[in-house]
Amino acid sequence: QKEVEQDPGPLSVPEGAIVSLNCTYSNSAFQYFMWYRQYSRKGPELLMYTYSSGNKEDGRFTAQVDKSSKYISLFIRDSQPSDSATYLCSAGGTSYGKLTFGQGTILTVHP
Amino acid sequence: EAQVTQNPRYLITVTGKKLTVTCSQNMNHEYMSWYRQDPGLGLRQIYYSMNVEVTDKGDVPEGYKVSRKEKRNFPLILESPSPNQTSLYFCASSFRGGPLQPQHFGDGTRLSIL
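Overview of the structure. (Residues numbered from 1 in each chain as written. Chains lettered and ligands numbered in written order. Predicted model: local features only at pLDDT ≥ 70, side-chain atom pairs only at ≥ 80, totals over all residues. Heavy atoms only, no water.)

**Observations concerning the overall build of chain A**
The condition is simple: Numbering of helices and strands runs from the N terminus, with a helix taken as a DSSP run of H or I at least four residues long and a strand as a DSSP run of E at least two residues long. Only C-alpha atoms enter the radius of gyration, while the globule expectation follows 2.2 Å times N to the 0.38, with N the number of residues. We call a residue buried when its accessible area falls under 20% of the maximum for its residue type, exposed when it is over 50%, and partly exposed in between, using a 1.4 Å probe and counting protein chains only. Residues are treated as being in contact if the distance between any of their heavy atoms lies within 4.5 Å. Each accessible area is a Shrake-Rupley estimate made with a 1.4 Å probe; only the visible protein chains count as cover when residues are assessed. In this tally Asp and Glu are treated as negative and Lys and Arg as positive; neither His nor the chain ends contributes. Just so you know, the charge point we use is NZ for Lys, CZ for Arg, CG for Asp and CD for Glu.
Looking only at helices and strands, chain A has 0 helices and 11 strands in total. Starting at the N terminus and ending at the C terminus, chain A contains elements arranged as β-β-β-β-β-β-β-β-β-β-β. Against the globule reference of 13 Å for 111 residues, chain A gives a C-alpha radius of gyration of 13 Å, in line with a compact fold. Overall, chain A is about 40 × 30 × 20 Å in size when its C-alpha atoms are taken along their principal axes. Put simply, chain A has 111 residues, and 43% of those count as buried. A separation of at least 24 residues holds for 54% of the contacts in chain A among residues at least 6 apart in sequence. Counting every atom, chain A has about 5,100 Å² of accessible surface; 49% of that belongs to carbon and sulfur. Taking the average place of the 10 positive charges on the side chains of chain A and the average place of its 10 negative ones, the gap between the two points comes to 7 Å.

So this is what it looks like as C-alpha cells:
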C-alpha cells in the first residue's frame, strides 16, 4: 500500500463548478502537505502548502488537512478551463529530504 | 530566468548501455532531487541531495546512481539500464529546507529502454 493514496480520476467538470480533490495517507509522522499542479508535458509546480491540520486559502484554492482522519483535500472554486491539469498531493516530514507523492488526479474543466 | 534544465529531453536506448541524464539549476539551491513518474504510481523519489557531496536514497533508488560535486549539477546515472526503468524522469531543486520548500521542477526526460 502506498503511503499516500490518491484517486487518479479522471475527473471532468463544467466551468464554474467547485472541484474537490482528495488524498489519504497512512504514515502518522507526516507533518507537511503540499499540492502540486502539473500541466501536460511540463514539470509539477507548487500550488499549496500546509503544515499539520487546518485550512489554507489562496484565491480560488483551499487546502485542508485533517490529521485525525489522515485526509488531505484541495478545493477549487469557480473552476476554469485553465485549471485542467494533473493535481498531485504530497506529504513530508518523516525524514529530512524525503517527499512522498500520491498518484495524481487528472482534472478537466470544460467550457 | 530561474530554471531547472534537464538533458536530454527524450532518449531511446537499449538494455545495458550506460546513460547519464544531466540536471542543472541556476538558482543556487542547496537541495536537489530526482523523481520518476509512471502511470498509476505517480511521482516516486529516486535520490536526493541536501547539499554538495551529500546524497541519500529516496523510495526507489535501485539501479540508479547520483553525484553532487557542484551545487548546480545533479546528474542521474543508469549504469546498466533495464526496460523497467522506462519512465518519465524529473529533476527538482529548492532552497534550504529540502523538499518542504517549493521545489522547482525541470520539464522532464522521457527515457525508453528497449
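**Section: a nonpolar patch on the surface**
Under the convention used in this document: Surface patches are defined over residues having more than 30% relative accessible area and no salt bridge, joining like charges when they lie within 9 Å and nonpolar side chains (Val, Leu, Ile, Met, Phe, Trp, Tyr) when within 5 Å. Whenever Lys or Arg places a side-chain nitrogen within 4 Å of a carboxyl oxygen from Asp or Glu, that contact is recorded as a salt bridge.
A grouping of I12(B), V14(B) and L114(B) is seen on the molecular surface, where their side chains present a nonpolar patch of about 330 Å² in accessible area. You can see I12(B) is positioned in strand 2 (residues 10-13).

**Here's the deal with the interface of chain A and chain B**
By a widely used convention, the size of an interface equals the accessible area lost when the partners come together. Selection criterion: A 1.4 Å probe defines the accessible area here, and the buried area is the portion of it lost by two parts on being joined, summed over both.
Taken residue by residue, the interface counts 23 residues in chain A and 25 residues in chain B. For the pairing of chain A and chain B, the buried interface totals around 1,900 Å² over both sides, and the portion due to carbon and sulfur atoms is 55%. Together, Y96(A), G97(A) and K98(A) form the three largest contributors to the area buried by chain A at its contact with chain B, with a combined 27%. The tally of links between chain A and chain B comes to 2 salt bridges. The closest approach of N and O atoms between K42(A) and D107(B), which form a salt bridge, is 3.4 Å.

**Points about the state of the cysteines**
All names here are of chain A. Note the cut-off: A pair of sulfur atoms, both from cysteines and within 2.5 Å, is called a disulfide here.
According to the stated counting rule, one finds 2 disulfides over all chains in the structure shown. The residue that forms a disulfide with C23 is C89, at a sulfur-sulfur distance of 1.9 Å. Judged by the torsion about the S-S bond (-105 degrees), the C23/C89 disulfide is left-handed. On the criterion of sequence distance, the pair formed by C23 in strand 3 (residues 19-25) and C89 in strand 9 (residues 85-92) is long-range, its members being 66 residues apart.

**Let's talk about the pattern of salt bridges**
All names here are of chain B. This structure, assessed with the given rule, holds 8 salt bridges over all chains. Notably, a salt bridge pairs D38 with R36, separated by 2.8 Å at the nearest N-O pair. One exposure class covers both D38 and R36, and it is buried. Notably, a salt bridge pairs K65 with E79, separated by 3.1 Å at the nearest N-O pair. Placement of K65 in strand 7 (residues 65-66) and of E79 in the loop between strand 8 (76-78) and strand 9 (87-94) is noted, with a sequence separation of 14 residues between them. With relative accessibility at 42%, the residue K65 sits in the partly exposed group. By relative accessible area, which is 38% here, E79 ends up partly exposed.

**Structural notes on the packing of aromatic side chains**
For any pair of aromatic rings, geometry is given as the distance between the ring centres together with the angle between the planes. Residues and elements named next belong to chain A. As a reminder, the rule being used: Each Phe, Tyr or Trp ring (for Trp, its six-membered ring) is paired with any other whose centre lies within 6.5 Å, and the angle between the two planes then decides the class: stacked below 30 degrees, edge-to-face above 60, tilted in between.
One pass over the full model with this rule turns up 11 aromatic pairs over all chains. With a centroid separation of 6.2 Å and an interplanar angle of 50 degrees, the aromatic rings of Y32 and Y49 are classed as tilted. With Y32 in strand 4 (residues 32-38) and Y49 in strand 5 (residues 45-51), this pair connects stretches of sequence that are 17 residues apart. Since its relative accessible area comes to 21%, Y32 is described here as partly exposed. Judged by relative accessible area, Y49 falls into the partly exposed class, the value being 23%.

**Topic: the nonpolar core**
Grouped burial of nonpolar side chains is what soluble globular proteins tend to show. Just so we agree on the cut-off: We define the nonpolar core as a collection of buried residues of types Ala, Val, Leu, Ile, Met, Phe, Trp, Tyr and Cys that are connected through side-chain atoms lying within 4.5 Å of one another.
Counting residues in each nonpolar core, the largest one holds 24 residues, and the members touching the most others are W35(A), L74(A) and Y87(A). Non-local contacts of L74(A), meaning those with residues more than four positions away in its chain, are made with V19(A), S20(A), L21(A), W35(A), L47(A), M48(A), F61(A), T62(A), A63(A) and Y87(A). Ranked by size, the runner-up nonpolar core spans 19 residues in total, among them V21(B), M32(B), V66(B) and C91(B).

It is worth stressing that arrangement in space is one thing and function is another; only the former is reported here.
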